[in-house]
Each structure stands twice: as C-alpha cells, then as structure tokens.
Amino acid sequence: MNLHEYQGKHLLRQFGVPVAESILVEDAEQAIPSAKKVLEKTGINIWAVKAQVHAGGRGKAGGVKIAKSLEQVKSYVSEILGMRLVTPQTSSEGKLVRKVLVEQGIYYPGESEPEEYYLSILLNRKTSRNMILYSPMGGMNIEEVAEKDPDKIFTEEIDPLLGVQPFQCRRIAFNLGLEGDAFKNMVKFLPRLVKAYLACDASLIEINPLFKTSDNKILVVDTKMTIDDNALFRHEEIAEMRDIEEEDPMEVEAGKHDLSYIKLDGNVGCMVNGAGLAMATMDIIKLSGGRPANFLDVGGSASAKRVEEAFRIILKDKNVKVVLVNIFGGIVRCDRVARGIVDAFTSIGKIDIPIIVRLQGTNAEEAKEIIDNSGLEVKSAIKLEDAARLVTQKI
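Described in the following lines is the structure provided in the data block. (Residues numbered from 1 in each chain as written. Predicted model: local features only at pLDDT ≥ 70, side-chain atom pairs only at ≥ 80, totals over all residues. Heavy atoms only, no water.)

**What to know about the side chain of Glu 5**
Our working definition: By the criteria applied, helices consist of DSSP H or I runs no shorter than four residues and strands consist of E runs no shorter than two, each listed in order from the N terminus. Counted as a polar contact is a pair of N or O atoms within 3.5 Å, where, for protein atoms, one must be capable of donating a hydrogen and the other of accepting one, and residues adjacent in sequence contribute only when both atoms are in side chains. Here, residues are in contact when the closest pair of their heavy atoms is within 4.5 Å.
By the element assignment, Glu 5 lies in helix H1 (residues 5-13). A polar side-chain atom of Glu 5 sits 3.0 Å from a polar atom in the side chain of Gln 52. Side-chain polar atoms of Glu 5 contact the side chain of Arg 58, separated by 2.9 Å. Contact partners of Glu 5, with chain neighbours within four places excluded, come to Lys 50, Gln 52, Arg 58, Leu 101, Glu 103, Val 221, Asp 222 and Thr 223.

**Things to note about helix H9 (residues 275-287)**
Note the cut-off: The span expected for a helix works out to 1.5 Å for each residue beyond the first. Summary of the burial criterion: residues with accessible area below 20% of their type's maximum are buried, those above 50% are exposed, and those between are partly exposed, where the area comes from a 1.4 Å probe applied to protein chains only. What the arc measures is the spread of directions leading from the helix axis to the C-beta atoms.
Here H9 contains 13 residues, and its C-alpha end-to-end distance of 18 Å stays within 8% of the 18 Å for a straight helix at 1.5 Å per residue. Considered for burial, the residues of H9 that qualify are Ala 278, Thr 281, Met 282, Ile 284 and Ile 285. Taken end-on, H9 shows its buried residues confined to a sector of 165°, consistent with a single buried face. For H9, the exposed residues set more than 90 degrees away from the buried face come down to Gly 276, Lys 286 and Leu 287. Buried-residue contacts for H9 involve strand S15 (268-272), strand S16 (294-297), strand S17 (322-329) and helix H13 (384-394). Two residues or fewer after H9 comes Gly 289, characterised by a positive phi angle close to 105°.

**Quick notes on the packing of helix H2 (residues 31-42) against helix H3 (residues 70-80)**
Applied cut-off: Every axis corresponds to a line fitted to the C-alpha atoms, with the helix fit spanning only the stretch in contact, and the corresponding angles, defined between N-to-C directions, vary from 0 to 180 degrees. Just so you know how the angles are binned, under 35 degrees is roughly parallel, over 145 roughly antiparallel, 65 to 115 roughly perpendicular, and the rest oblique. By convention the crossing between two helices is left-handed if the near helix lies anticlockwise of the far one by an angle smaller than a right angle, and right-handed if it lies clockwise.
It is at 9 Å that the axes of H2 and H3 come closest, and there the two elements cross at 130°. Between H2 and H3, the interaxial angle falls into the category oblique. Crossing geometry of H2 relative to H3 is assigned as right-handed. Across from Ala 31, Ile 32, Ala 35 and Lys 36 in H2, the residues of H3 making contact are Leu 70, Val 73, Lys 74 and Val 77.

**Some thoughts on the packing of aromatic side chains**
This is how the line gets drawn: To pair, rings of Phe, Tyr and Trp, with the six-membered ring standing in for Trp, must have centres within 6.5 Å; the planes then decide the type, stacked if under 30 degrees apart, edge-to-face if over 60, and tilted in the middle.
If you walk through the whole model with that rule in mind, you get 2 aromatic pairs. Their ring planes at 75° and their centres at 5.0 Å tell us that Tyr 107 and Phe 211 sit as a pair that is edge-to-face. Here Tyr 107 is found in the loop between strand S7 (100-104) and strand S8 (115-124), whereas its partner Phe 211 is found in strand S11 (residues 202-212), with 104 residues between them in sequence. Their ring planes at 25° and their centres at 5.4 Å tell us that Tyr 134 and Phe 154 sit as a pair that is stacked. With Tyr 134 in strand S9 (residues 129-135) and Phe 154 in strand S10 (residues 154-157), this residue pair connects regions lying 20 residues apart in the sequence.

**Notes on the nonpolar core**
What counts, and what does not: Nonpolar core, defined: a set of buried Ala, Val, Leu, Ile, Met, Phe, Trp, Tyr and Cys residues in which side-chain atoms within 4.5 Å join the residues together.
In terms of nonpolar packing, the biggest core is built from 38 residues, with Ile 132, Met 186, Phe 189, Leu 193 and Leu 210 touching the most fellow members. If you list the elements that add at least two residues to this core, you get H1, S8, S9, helix H5 (166-175), helix H6 (180-199), S11, strand S12 (218-220) and strand S13 (223-227). For this core, the element with the most residues is H6, which contributes 8 residues. Excluding residues within four positions of it along the chain, Leu 193 makes contact with Leu 12, Val 17, Leu 119, Ile 121, Ile 205 and Ile 207.

**Here's the deal with the pairing of S17**
Heads up, the condition is: Only when DSSP finds a minimum of two bridges between them are two strands counted as paired.
Where burial is concerned, most of S17 is hidden: 7 out of the 8 residues are buried. Sheet topology note: the S15/S17 ladder contains 5 bridges and is parallel. The partner of Val 272 across the bridge, within S17, is Asn 326. Judged from the 7 bridges that link them, S17 and strand S18 (residues 355-361) form a sheet pairing that is parallel. Paired with Val 325 across the strands is Val 357, a residue of S18.

What follows is the structure in structure tokens.
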C-alpha cells in the first residue's frame, strides 16, 4: 500500500526521525493560517507548496512551488488544488490533486552549504536482506545516477539479527561527504529510520532529497513509503491511511472480490489462475504480437461468481479488443470456470469482443461441454501457443 508524502512523514516523526515542518491543506482558505503556523515553528518565511498524489516527478509537472510570501502561499495552494497533475509516473489523464502540503523552506543562511542526498531502505531480493541504498547525488532520479555515474551509488546490507550497526552508519555518513555536526546527526538519523522501516512493515522508504541544512541538521524533505499489504492486519492506523481515490478504480473493485488485478496499457484482456501461469500467458501474448491489458489471477479456488466478476472488470477496460481465458484446473475446477463464463455472458448480455478459452486439467471435458452447449461464440484452444495465435488474429 502506497502512502502520501504527508502520511509517511507522520509515521517517521513517531520514531524520532527529523522531518521538515509542514501542515496538510485541503482548502485554499487554510493556506495562510497554515503557513503562519509553520513560520512560528521554524522562523523561516519561505514555504514549499507540494501536491499530494501517488506519483513522482511532481516538481517538473508544476506540483511543487516555492512561495516567498503568505500571499504567494495562498495563490499556489489555489492553483495546485484541483489541478490534474501529469508526470512520468501517471497516465496521460494525470491525477487530481485533492490535498497539498505547506512545508517550511529548507534553504536558508547558515554556517555551511546545504546539500541534497538520496537514501532508501528496501529488500535486496538476491540476499533476502534489507539494505540501505544511498547516493550523494540527491534530487535526481536514482536510475539516472545509476546510468551516468554508478560509482556514486552505495549500499549497506542490514543484518536481520544485529540490525544496522554504528560502523555502517559512520560509513554512510563518510561516503556522503559529511563531517562535524552533520556527520554526528546522520549517524543518529539512520538507526531511527531503520527502526521506522521495520516497525511499520514497510517494503520501501525512499527519501529524495535527504537534506543537510546550512546549520548541519539532517531532514527528510520528500519521502515515498510503501507498506507490505500482507502486514496491514498488524497496523490498523496505517491501514486507515489507504487512499482509494489514488488507486485505479478497477483494481479497487477487483480487491473487493479477492481478485489479483493490475491494469496495463495493452489490448488483450487476460484471466488466468495462478501468478506464474498469468506471467507466462502475458509473455506469450507479447511474443505473439499482442499486448496484455492486465494481470488478473482469479486464484486457486475461484467460484463461478468470482469468474463472472473478473469478466466484468476486464470488459470495463475500453482498450480490450479480445479476452484470453487460460485456466489450468488443479484446485480450481475447469467446469466451475466454464460456468462462470456462461453466467457472465448471461448476466452482462451481448459481448462484442472475441473470447478465447483454454481450459486444461480437472474437469476440462465437462467444461468444454458446458461451453459448447451454451451457444456462446467462444473459440477454444488446447495449446497455449494456439490460444495466443487465435488472440492475435482477433486484435
């Protein structure tokens, strides 16, 4: 589950992680009072007005503005609220901005030059250990840094029993080029951040930029935080932070029916049982010249009703030109899937796009009989290659 920036910062504060002062605003009339409160806490009369959406690249898209007066704060809040923000991480339609964060300015006079760094904590799947990934080149996409200057990317693996060690924190601070009070503050910062990551069952905390102020404080300026869905039962407060308005409506609806669905940008709707088979089906569609429109796993114990709902969700995607149903009957019986297909046709009514069905395994013969006797215009296939070929002929 993805969190908004303001939600991630709220959680980090609970673990003593230093975070830039900010106030959430949902109405332009709250802008000036909120900016005044931030000013009272920090004494800094520069503010950042930041759109709160689940997408990166907000600054380049006009979703982050620097205000140098209270009037500018209100103007920028009014401008950003209600806008559709289009970034490299959104669709062409963009995301509607419903909330903004009024945050303290971070560039102010002091004894040293401010610096921006990149730092994240995530799972290293090769070693099955959490790791800290960091770079002195903050404010940039880490992918660009990896491509252009890979020597500027460092990692520290976290021992699952010992946790992050003091020598690792010192090495990170050294590699970032810190010294003096900034060095000490970074060494204090890192264990708190790791503690927050573990305690919240996060799968990712990304801070870009992690900021060294001109008075040598270490501050979280922008953060992305992702929580492991499988651990949400342990975190009622975090589960309540879910913002379904930021999620794809079809993915939300699929979740209500215990369907694993991810919308893609292709033209071939896929309904499969089992994640591995779903990935293989998507691959062979691509290799055959098609483009998968979704990942959809109906699960190993799919009922006819769940199959019907899966059909409904796939058909809501206007880009879908043909549907491929690929079921290997193990726990889920093929006849049950066939009944769901027939029920979907009966309930939904006329379906104008071709349906290709491949059913193999438990009760496959019964399933074929159900479909053959239904009078539906459904093409069947035995081999997956044949099914993929039929799909590409119908696109």
